[in-house]
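# Analysis of the macromolecular model
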Amino acid sequence: FFYCPGNHDIEYGPTRSIYTALHGTGGRTYYSFDYRGCHFVVLDSTAIVNDLRKVADAQWAWLAKDLARARGARHVFIFYHHPLFGQSAWTRMLKLLDPRKTTVFTGHRHRLSFDTEGGVPYYVLGPTAVKAPPLLREEGRFQMFAHVTVSAGRPTVALIPLGQVLPHNFISRAVSKRLRQVAKAIILSTVTRAGGRATLELRNATDAKVVYTLT
């Protein structure tokens with residue numbers, strides 16, 4: 001489990017010093033690590049968007065050196081909170097990246113979106129912990145997480161809505177048997193194109209309560 005600071009973590013009052021004390025690396029709010037040949041970079045975008053010059057300048061200098069050392073990585077994943085595309089900060093960062101083997105994940109907007117920025121796959125992920133408003137999934141406003149696999153240096157990203165990954169005992173054998181019994185006991189009389197009356201017979205031979213919804 002690796003922390004990536006959002007604006008509510010380090011933007012207000014003493015939160016930056018508290019966050020750094022609890023989750024910082026070497027006194028910094030940004031860091032990197034390697035895993036199975038891939039390089040992962042976690043940045044403090046709040047320092048950039050709020051123009052905290054001392055922290056931001058140190059982070060830029062560190063990032064240039066860190067990415068230079070990671071040129072041999074199979075793939076580079078970069079995480080930070082605020083989407084920076086379309087801003088001067090992204091133009092500056094893009095000069096440090098190899099678009100052929102870099103993927104960027106951000107958040108903040110609570111709305112899922114994807115595009116390539118300067119040839120780099122760029123994700124703005126939807127919310128995970130925060131409760132999303134009841135909007136359509138097609139609008140990108142739903143709780144979710146991303147599952148990433150890497151093969152031959154190329155990542156595949158699967159976006160999984162919360163609640164879609166089910167426990168191993170989601171349907172017991174007893175429930176499955178009752179469902180089959182109920183389905184077999186639904187009888188619809190034969191009708192023709194000429195029309196006429198249709199009869200639907202619903203029978204429940206199980207010991208369970210069954211609720212039918214007809215459309």
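For the structure, check the block above.
Residues numbered from 1 in each chain as written. Predicted model: local features only at pLDDT ≥ 70, side-chain atom pairs only at ≥ 80, totals over all residues. Heavy atoms only, no water.

## Re the sheet that holds strand β6 (residues 120-124)
Strand order across the open sheet formed by 6 strands is β1-β2-β3-β4-β6-β5, with mixed pairing between neighbours. Edge positions in the sheet fall to β1 (31-35) and β5 (113-117), since each of these pairs with one other strand and no more. The average undirected angle you get between the axes of adjacent strands in this sheet is 20°. Here strand β3 (residues 76-79) runs beside strand β4 (residues 102-106); their pairing, made up of 4 bridges, is parallel. Paired with F77 across the two strands is T103, which belongs to β4. Its contacts with the sheet place helix α4 (residues 53-69) against β1, β2 (38-42) and β3, and it is angled at close to 175° to β2. (Pairing = 2+ DSSP bridges. Helix = DSSP H or I, 4+ residues; strand = E, 2+ residues; numbered from the N terminus. Axes fitted to C-alpha atoms, helices over the stretch in contact; angles between N-to-C directions. Contact = heavy atoms within 4.5 Å.)

## Comments concerning the side chain of T106
Inspection of the secondary structure puts T106 in strand β4. When near neighbours in sequence (up to four residues on either side) are disregarded, T106 contacts Y80, H81, H82, P83, Y122, Y123, V124 and L125.

## Considerations on the pattern of salt bridges
Close approach of charged atoms lets side chains of opposite charge pair. Inspection of every chain in the model, using the stated rule, returns 6 salt bridges. Across the salt bridge formed by R16 and D44, the nearest N and O atoms sit 2.7 Å from each other. Of this pair, R16 sits in helix α2 (residues 15-23) while D44 sits in the loop between β2 and α3 (45-49), and the two are 28 residues apart along the sequence. Assessed through its relative accessible area of 0%, D44 is described here as buried. The salt bridge involving R178 is made with D207; its shortest N-O contact spans 2.8 Å. Highlighted residues: R178 in helix α6 (residues 173-184) and D207 in the segment after β10 (200-202), separated in sequence by 29 residues. (Salt bridge = Lys/Arg side-chain N within 4 Å of Asp/Glu carboxyl O. Buried < 20%, exposed > 50% of the residue type's maximum accessible area, 1.4 Å probe, protein only.)

## Observations concerning unusual backbone geometry
For D51, which is not a glycine, the phi torsion comes out positive at approximately 55°. Summarising the element assignment, D51 is placed in the loop between α3 and α4. One non-glycine residue, H108, lies in positive phi territory at about 75°. Structurally, H108 is set in the loop between β4 and β5.

## Here's the deal with the side chain of H81
Relative to the helices and strands, H81 resides in the loop between β3 and α5 (88-94). A relative accessible area of 19% means that H81 is categorised as buried. Ignoring sequence-local partners within four residues, the contact set of H81 consists of C4, P5, G6, N7, S45, T106, G107 and H108.

## A closer look at a nonpolar patch on the surface
On the surface, L166, F170, I171, V175 and L179 cluster together into a nonpolar patch covering about 470 Å² of accessible area. Residue position: V175 is located in helix α6. (Patch = residues over 30% accessible without salt bridge, like charges linked within 9 Å, V, L, I, M, F, W, Y side chains within 5 Å. Areas by Shrake-Rupley, 256 points an atom, 1.4 Å probe, with all protein chains shown as cover.)

## Considering the packing of aromatic side chains
Each aromatic ring pair is described using two quantities: the centre-to-centre distance and the angle formed by the ring planes. In this structure the tally under the stated criterion is 14 aromatic pairs. Between Y30 and W62, the aromatic rings sit 5.2 Å apart at their centres with planes inclined by 55°, giving tilted as the arrangement. Here Y30, found in the loop between α2 and β1, pairs with W62, found in helix α4; they are 32 residues apart in sequence, far enough to count as distant. The class for Y30 is buried, based on a relative accessible area of 6%. Aromatic pair F77 and F105: ring centres 6.5 Å apart, planes at 25°, arrangement stacked. Remark: F105 occurs in strand β4 and F77 occurs in strand β3; sequence separation between them is 28 residues. According to the relative accessible area criterion, F77 is buried, its value standing at 2%. The exposure class of F105 is buried, given its relative accessible area of 4%. Joined through ring pairs, the aromatic side chains of F2, Y31, F33, F40, F77, F79, F105, F114 and Y123 make up one cluster. The side chain of R137 reaches across the aromatic face of F142, ending 5.4 Å from its centre. (Phe/Tyr/Trp six-rings, centres within 6.5 Å; stacked < 30°, edge-to-face > 60°. Lys NZ or Arg CZ within 6 Å of the ring centre and 35° of its normal.)

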